[in-house]
Every structure is written in structure tokens, then in C-alpha cells.
Amino acid sequence: MRKIYISLFITTLFSACQESTTEINKKLRGSLDQGEFEEVTEYLKTVDTTAYDWETYNLKGVAFYNLKKYREAVSAFQKAIGKDSTHYQPFYNLGNAYYDQEDFVSAVRNYSFALNLKPTEPDIYINRGNAYFQSVNYQKALDDFDFAARLAPNNHLAYFNKGRCLGLLDRNQEAVEAYEKAIQFNPTHGASYFFLGMLYIDMQNPEEGCILLKTSSDEGYETAEAYIDQFCNGSS
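Please read these numbers as outputs of a predicted model, since none were measured by experiment. Numbering of residues starts from 1 in every chain and runs along the sequence as written. Where local features are concerned, this predicted model is filtered to residues with pLDDT of at least 70; where side-chain atom pairs are given and counted, the filter is 80 or more; whole-chain, interface and lining totals use all residues. Processing note: side-chain calculations cover all non-hydrogen atoms of the structure and skip hydrogens and water entirely.

J.: Explain the side chain of N96 to me, using residue names and the numbers behind them.
T.: Along the chain, N96 falls in helix α5 (residues 88-100). Between buried and exposed lies partly exposed: a residue is buried under 20% and exposed over 50% of the maximum accessible area for its type, with that area taken using a 1.4 Å probe on protein chains only. On the basis of relative accessibility, which here comes to 0%, the residue N96 falls in the buried class. A distance of 3.0 Å separates polar atoms of two side chains, one belonging to N96 and the other to N127. Segments assigned H or I by DSSP are reported as helices when at least four residues long, segments assigned E as strands when at least two residues long, and all are numbered from the N terminus. Contacts described as polar in this section are N or O atom pairs within 3.5 Å, which, within protein, must combine one atom able to donate a hydrogen with one able to accept it, while residues neighboring in sequence count only if both atoms come from side chains.

This is the structure in C-alpha cells:
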């Protein structure tokens, strides 16, 4: 699941009567941190919307997003932006809500708005890259993953996603290097072993490919099993 931006405080919810917006938001952040998404939506029914600021709407959207109520999440994030459009979090979260509904054009647009406000956040580049990838725009996706890797040199997902794009762009040796970087920074990431293994098989190196596929399976990447049966023929 894509990362959702909230601040984290541990507390519990109670009546909203005579509470300030700051107090309300603190309670919401704490409950979201504890996974109390339904409780947040119920609590907000007791809060007069005149007490809402941009963060209140953003936190409301986070609750609905985690409940997979995307229409309500989109509405809340849009209201957060309407209250104050100078914060990147509602744009980023709105991008996530559109992404999960497979509206990748709207996802890219909102991730881009978020990047205008927070151009040094690698997660936004990774998510926009994923939206470009799903739109079959592999070069733009690669550009975003590459930039994310420069911002966060130890981020295995940036390198993994770079590998996916490079392979589809027939830049196989660069793809190998990207997957190897992903494995270097997360040696238990089964998907990196799997796609690297499949790339080696495509490059006519089935022995190395099968070793990687079996490592992928060992790391819990279940998809690898069918490909081991297909390509490896029980080789050790």
C-alpha cells in the first residue's frame, strides 16, 4: 500500500465538545496511528465542520482511504486542498486515492502538484513513477525512479522499479545493475530476485536465472513457484 502522510501521536478519542482544532487534529492523528479508522469517521460526525482546517480534512481522508472508501477520501482530500493548497500531503494522498481507483492520469496530476510543494520527497517520485508505469510510459517512470534513487540512495524500491522499466526498455545490463542494487539494500525482497531471475532467463542464462527464482521463492515471493516449474525443470 502507498504511504499516507500523517503525523503520529498516541492518544484516544473522546467527545469533540469545546475542543480546539489543534486538539481535534491531535486526537485524529493518534487514532489513525492506532488503526482506528472507523472510530475516526464516527468521531468526526460529532465535530462541527467550522472547526475543520486543512489537516482535519486530510486526516478524515486518510481514514476513508484506509477503509477503501475512495469516493469519500477523494472528497475529503479535495476539501483539504480547498482550505489551504500550500501543503503537499493532501495532494499526495489524493494521488494515492486516484491511483487505487486506477485513474492514473489524475494520480500523476496530483503527485505533480505535491512535488511542486515538496520536490525532495522520494516517495512522491516513486508513486508518480508507478502511475506512469501503469500508464505504459516507461521512460517517464524511469526518470522518476532514477530521481528517487538519487534522493534516497538506499531505497530498494527505487532501484527495483528502475529495473522493471529498464528491462521493458530493452536496457538489460542496466536493469541487472538496478536489481542488484535493490537486493543490496534489501536482501529479503523476493520480487527483486524474481525479476532479475526472469531477466537472466531472457538473456539466455537460465542457470543463474533459476538460482535467483529459487531465492525469490525462499524469500516468500509465491509467484516464483510457477516459473520455477516452467523454466528450471528441477535443476539445483
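J.: Summarise the packing of helix α3 (residues 54-66) against α5; cite the residues concerned and give the values.
T.: Axis definition: a line fitted to C-alpha atoms, limited for helices to the stretch in contact. Angles are taken between N-to-C directions and run from 0 to 180 degrees. It is at 10 Å that the axes of α3 and α5 come closest, and there the two elements cross at 25°. When the interaxial angle is binned, α3 and α5 end up roughly parallel. The chirality of how α3 crosses α5 is left-handed. Between α3, through W54, N58, V62 and Y65, and α5, the contact on the second element is made entirely by Q89, P90, N93, N96, A97 and D100. Nonpolar residues are Ala, Val, Leu, Ile, Met, Phe, Trp, Tyr, Cys and Pro. Charged residues are Asp, Glu, Lys and Arg, and all others, Gly as well, are polar. Of the residues that constitute the contact of α3 with α5, the class distribution is five nonpolar, four polar and one charged. Our angle categories are set so that under 35 degrees counts as roughly parallel, over 145 as roughly antiparallel, 65 to 115 as roughly perpendicular, and the remainder as oblique. Take the far helix as your reference; a near helix turned counterclockwise from it by less than a right angle gives a left-handed crossing, and one turned clockwise gives a right-handed crossing. For this analysis, residues touch if any pair of their heavy atoms sits within 4.5 Å.

J.: Summarise the confidence of the model for the protein chain; cite the residues concerned and give the values.
T.: Predicted coordinates in areas of low pLDDT are best not read in detail. Think of pLDDT as the predictor's per-residue confidence, scored from 0 to 100. Overall, the predicted model of the protein chain reaches an average pLDDT of 93, with 91% of residues at or above 70. In this model, residues 6-16 is a region of pLDDT below 50 whose contacts with residues beyond four sequence positions or in other chains number 32 contacts.

J.: Describe the side chain of H189, naming the residues involved and giving the relevant values.
T.: Following the sequence through the fold, H189 ends up in the loop between α10 (172-185) and α11 (190-202). On the basis of relative accessible area, H189 is assigned to the buried category, the value being 16%. A polar contact is formed between the side chain of H189 and the side chain of S192, at a distance of 2.7 Å.

J.: Provide a residue-level description of the packing of helix α6 (residues 104-117) against helix α7 (residues 122-134), including the pertinent values.
T.: Any two packed helices are characterised by how steeply their axes cross, that is the angle between the axes, and by the distance between the axes. Taken N-terminus to C-terminus, the directions of α6 and α7 make an angle of 155°; their axes are 9 Å apart at the nearest point. It follows from the interaxial angle that α6 and α7 lie roughly antiparallel. Relative to α7, α6 is oriented so that their crossing is left-handed. Each of F104, A107, V108, Y111, S112, A114 and L115 in α6 lies in contact with α7, whose residues at this interface are I124, Y125, N127, R128, A131, Y132 and Q134. A per-class count over the contact of α6 with α7 returns ten nonpolar, three polar and one charged.

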